[in-house]
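# A closer look at the structure
Given next are the chains, with one letter for each unit.
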Amino acid sequence: MEDLNNNHTRDAGEAGTSRRAMIRNIVLSVCLSVATFIIVILITYEPGALRSIADSFHPFVLLLAAGTVFLRIAIGAFRLRYISHRTIRFRTAVRGQIAWDFFSSVTPSVIGGGPLAALYISKNQKIPVGIATACLLYAMFLDQLFFALTVPALFVASLYLPVFPKSIGAIGAATLATYFTAILIWVMAFGYLTLVRPDLFARLTRWVFRFKLLSRFKSKIDSALDELQGRAEIIRKEKWPFFVNGFAITILTWAARYLLIVLVIVSVFPQVDVLMVVIRNAMMTLGSLILPTPGGSGGIEGLYAIFIGSLIPKATVAPTLIAWRFLGYYMFILMGAYITLHQVQKLFDDRVSVADEDREDEFETESVNDGSASTSL
């Protein structure tokens, strides 16, 4: 009985700690973003500019921009379901995609939300963590492959178009070019470890989890890595249409993301060079991958002002930035916070229910034993 009460208390503590940590990350992420909004507004504000923006505003175009958010979720969910060979239900995949974007918004960009989303999908549908992890890792690899192919496309475009903003100068352009080259190397290493040599990936992961701080997760990691290696073996045996179709779906997911920023800007400034917006957005996305803040908050807003600000009137920078971040960032925080916090509470309630059932069984057992003892006496 005492053990059950201790487990009950521990589960309550874990659920509370998870919720507090998640809320803390959300608050930090939003505060950084809002602080940068204020700075951009102060720098770009022009008296009477809002009236001119209102005259050129096209609400229907902005409504289409909002529609791209749900399109992005639907395509992303379809990709997860396709990669898992329909093991992941579409409803779970939708929630998993929202959770992925949410966790990416409240964790540093260099970490990403994929691993946490895998755990969410595993708990939500009650499938092995290894299967969910393998699916998310492959989806992450497809994203990385998309980034890798974006790099040479940007280099080719730079021969004909002003890809690099003048404000970053020659040194900034050279730094970005070096960074983009590093992305190519990273993608090749990532793909090699996750698909070709998952055994090497497993050894490296187990070595990391030998440290005292992480050692308590070792048993779970060992089990997940075994399943991951098995899943990687299955993926390697797939025929080429599986990889081509998976990458095609990945292109569609990123097309939806890029379409969002284009439609937001067109809704107030139809004359914008759409091709340059797409190119600069691609550069901005690649640049945000190394930002250390949760979801790249603060840094992404700054990158927007640098990369997109030179393509549109100064007065439209802040309004379009706020609309873009609300639709592509804050909406996922709102949706993701609900489903993930709800999942944390659901897991806690399930544990409490199981603990209560165990407590009742133990009480009945004790009552039967007491009755038997009385009869024998």
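The structure displayed is predicted, hence computed values, not measured ones.

Within the protein, the secondary structure is distributed over 13 helices and 0 strands. Ordered by position from N to C terminus, the α and β elements of the protein give α-α-α-α-α-α-α-α-α-α-α-α-α. Here the analysis covers contacts within the protein between residues at least 6 apart in sequence; of these, 78% occur between residues at least 24 apart. When the accessible surface of the protein is totalled, it reaches about 19600 Å², and 69% of it is carbon and sulfur.

When you line up the elements, Gly296 lands in the loop between α11 (274–288) and α12 (299–307). Distance from Gly296 to Thr107, taken between C-alpha atoms, is 8.4 Å for residues 189 residues apart in sequence.

The subject of this paragraph is helix α4 (residues 90–106). Taking 1.5 Å of rise per residue, the 17 residues of α4 would be expected to cover 24 Å, and the 24 Å separating its terminal C-alpha atoms lies within 8% of that figure. Counting buried positions along α4 yields 12 of 17 residues, so the element is predominantly enclosed. Where α4 is concerned, the buried positions are Thr92, Ala93, Gly96, Gln97, Ile98, Ala99, Trp100, Asp101, Phe102, Phe103, Ser105 and Val106.

Let us look at the nonpolar core. Counting 90 residues, the largest nonpolar core has Phe180, Ile261, Tyr304 and Trp324 as the members making the most contacts within it. When residues in this core are grouped by element, the largest group, 15 residues, is from helix α6 (residues 129–157). Not counting the four nearest positions on each side in its chain, Tyr304 is found in contact with Ile261, Ile265, Met284, Gly309, Ile312, Val317, Thr320, Leu321 and Trp324.

Moving on, we come to the environment of Ile265. With respect to the helices and strands, Ile265 occurs in helix α10 (residues 240–266). For Ile265, a relative accessible area of 0% translates into the label buried. Taking the C-alpha atoms as reference points, Ile265 and Thr316, separated by 51 residues in sequence, lie 8.2 Å from one another. In this structure Ile265 touches Val272, Val277, Tyr304, Ile308, Ile312 and Thr320, once residues within four positions along its chain are discounted.

Before going further, it helps to examine the packing of aromatic side chains. Counted by the stated rule, this structure contains 15 aromatic pairs. Plain terms: the ring middles of Phe242 and Phe243 are 5.5 Å apart, the flat faces sit at 80° to each other, and that makes the pair edge-to-face. Within the aromatic cluster, the residues linked to one another by ring pairs are Tyr82, Tyr138, Phe141, Phe242 and Phe243. The ring of Trp324 carries Arg325 above its face, with NZ or CZ at 5.9 Å from the centroid. Its guanidinium or amino end placed over the ring of Tyr329, Arg325 lies 4.0 Å from that ring's centre, counting from NZ or CZ.

Next up on the list: the confidence of the model for the protein. When pLDDT is averaged across the protein, the result is 78; 75% of the residues are at 70 or more. In the predicted structure, residues 372–377 sits below a pLDDT of 50 and forms 0 contacts with residues beyond four places in sequence or in another chain.

Looking now at the packing of α10 against α11. For any two helices packed against each other, the geometry is given by the interaxial angle and the distance between the axes. In contact at an axis separation of 10 Å, α10 and α11 are set at 125° when each is read in the N-to-C sense. Regarding the angle of α10 to α11, the classification is oblique. Note that α10 runs across α11; the crossing there is right-handed. Residue-level contacts link Trp254, Arg257, Tyr258, Ile261, Val262 and Ile265 of α10 to Val274, Val277, Val278, Asn281, Ala282, Met284 and Thr285 of α11. Across the contact of α10 with α11, the residue classes break down as 10 nonpolar, 2 polar and 1 charged.

Here we take up the environment of Thr253. Relative to the assigned elements, Thr253 resides in helix α10. Along the backbone, Thr253 and Asp143 are 110 residues apart, and their C-alpha atoms lie at a distance of 9.4 Å. Sequence-distant contacts of Thr253, that is, excluding residues within four places in its chain, are made with Ile75 and Gly76.

Let us now look at the side chain of Thr316. For Thr316, the location among the structural elements is in the loop between α12 and α13 (317–376). The exposure class of Thr316 is buried, given its relative accessible area of 5%. Contacts of Thr316, omitting those with residues within four sequence positions, involve Ile53 and Val268.

It is worth spelling out the pattern of salt bridges at this point. Scanning the model with the defined rule gives 4 salt bridges in all. The residue Asp101 makes a salt bridge to Arg72 at a minimum N-O spacing of 2.8 Å. With a gap of 29 residues between them, Asp101 in helix α4 and Arg72 in helix α3 (residues 59–83) connect regions that are remote in the sequence. The partner of Asp143 in a salt bridge is Arg79, and the shortest N-O contact between them spans 3.0 Å. On the criterion of sequence distance, the pair formed by Asp143 in helix α6 and Arg79 in helix α3 is long-range, its members being 64 residues apart. Across the pair, Arg79 and Asp143 agree in class, each one buried. Salt bridges sharing common partners tie together Arg72, Asp101 and Arg257.

Attention now goes to unusual backbone geometry. Even without glycine at this site, His85 takes up a positive phi of about 55°. Turning to its location among the elements, His85 is positioned in the loop between α3 and α4. According to the relative accessible area criterion, His85 is partly exposed, its value standing at 43%. Residues other than glycine seldom take positive phi values, yet Arg86 does so here, at roughly 70°. For Arg86, the position within the fold is in the loop between α3 and α4. By relative accessible area, which is 62% here, Arg86 ends up exposed.

The rules we used
- Residues numbered from 1 in each chain as written.
- Predicted model: local features only at pLDDT ≥ 70, side-chain atom pairs only at ≥ 80, totals over all residues.
- Heavy atoms only, no water.
- Helix = DSSP H or I, 4+ residues; strand = E, 2+ residues; numbered from the N terminus.
- Contact = heavy atoms within 4.5 Å.
- Areas by Shrake-Rupley, 256 points an atom, 1.4 Å probe, with all protein chains shown as cover.
- Expected span 1.5 Å × (residues − 1).
- Buried < 20%, exposed > 50% of the residue type's maximum accessible area, 1.4 Å probe, protein only.
- Core = buried A, V, L, I, M, F, W, Y, C linked by side-chain atoms within 4.5 Å.
- Phe/Tyr/Trp six-rings, centres within 6.5 Å; stacked < 30°, edge-to-face > 60°.
- Lys NZ or Arg CZ within 6 Å of the ring centre and 35° of its normal.
- pLDDT = per-residue confidence, 0-100.
- Axes fitted to C-alpha atoms, helices over the stretch in contact; angles between N-to-C directions.
- Parallel < 35°, antiparallel > 145°, perpendicular 65-115°, else oblique.
- Left-handed = near helix turned anticlockwise from the far one by under 90°.
- Nonpolar A, V, L, I, M, F, W, Y, C, P; charged D, E, K, R; others polar.
- Salt bridge = Lys/Arg side-chain N within 4 Å of Asp/Glu carboxyl O.

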